[in-house]
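Architecture and fold: a report
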Amino acid sequence: ANPAASTSPSLSHRFLDSKFYLLVVVGEIVTEEHLRRAIGNIELGIRSWDTNLIECNLDQELKLFVSRHSARFSPEVPGQKILHHRSDVLETVVLINPSDEAVSTEVRLMITDAAR
């Protein structure tokens, strides 16, 4: 047995194949054109996911997000919004005009989550 292997970080951490995590970060939206482009880029990115409809029906999950998400507004950061929804399959977090701290916190949460 390799003694270094027993002291190294756990290699037994496994991602859950039935759980997904989506983090979207959008800067300040200034114009309608900027908003249209942001929406188009986000949609393109989501549609590029390597998943099938049995594992994660993105259309269904995104409809759930739209109808059931919670929204938090920051009194410290004007215009910052955090939209969040967690289903049995997909956790979705959308940061709009976030502070560096909010991005750092959400990225840390995403990285440490068991979802793939």
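Residues numbered from 1 in each chain as written. Predicted model: local features only at pLDDT ≥ 70, side-chain atom pairs only at ≥ 80, totals over all residues. Heavy atoms only, no water.

The chain carries the name Microtubule-associated protein 1B in an unreviewed UniProt entry, which gives Mustela putorius furo as its organism.

1. With respect to the sheet that holds strand β2 (residues 70-73)
If you walk across this open sheet you meet the 4 strands as β1-β4-β3-β2, and the pairing is mixed. The open sheet has two edge strands with one neighbour each: β1 (20-26) and β2. Strand-to-strand twist in this sheet, taken as the mean axis angle between neighbours without regard to direction, amounts to 10 degrees. Alignment of β2 against strand β3 (residues 81-86), held across 4 bridges, turns out to be antiparallel. By the bridge assignment for β3, Arg72 is matched with Ile82. In the packing of helix α3 (residues 58-68) onto the sheet, contacts are made with β1, β2, β3 and β4 (90-96), and the angle to β3 comes to roughly 125 degrees. (Pairing = 2+ DSSP bridges. Helix = DSSP H or I, 4+ residues; strand = E, 2+ residues; numbered from the N terminus. Axes fitted to C-alpha atoms, helices over the stretch in contact; angles between N-to-C directions. Contact = heavy atoms within 4.5 Å.)

2. Observations regarding the layout of surface pockets
Looking at the largest pocket, its volume works out to about 470 Å³. Together, 20 residues line the largest pocket, and Ile39, Ile42, Ile46, Phe65 and Val94 are the ones closest to its centre. Elements with a minimum of two residues in the lining of the largest pocket: β1, α2 (32-47), α3 and β4. Looking at the lining of the largest pocket element by element, the count peaks at 7 residues for α2. (1 Å grid on protein atoms, 1.4 Å probe; cavity = no way out; pocket = protein on both sides within 12 Å on 5 of 7 lines; lining within 4 Å. Points joined across faces, edges and corners; volume = space filled by probe spheres on them.)

3. Quick look at the environment of Val93
You can see Val93 is positioned in strand β4. On a C-alpha basis, the gap between Val93 and Ala71 in space is 9.9 Å, while along the polypeptide they are 22 residues apart. With sequence-adjacent residues up to four places away left out, Val93 is seen in contact with Tyr21, Leu22, Leu23, Val24, Ile82, Leu83, His84 and Glu106.

4. Quick look at the confidence of the model for the chain
Summarising the model, the chain shows a mean pLDDT of 82, and 82% of its residues fall at 70 or more. Confidence, expressed as mean pLDDT per element, reaches its minimum in the chain at helix α1 (residues 3-7) with 44 and its maximum at helix α4 (residues 100-112) with 93. Predicted confidence for residues 1-12 stays below pLDDT 50, and this span has 0 contacts to residues more than four positions away or in other chains. (pLDDT = per-residue confidence, 0-100.)

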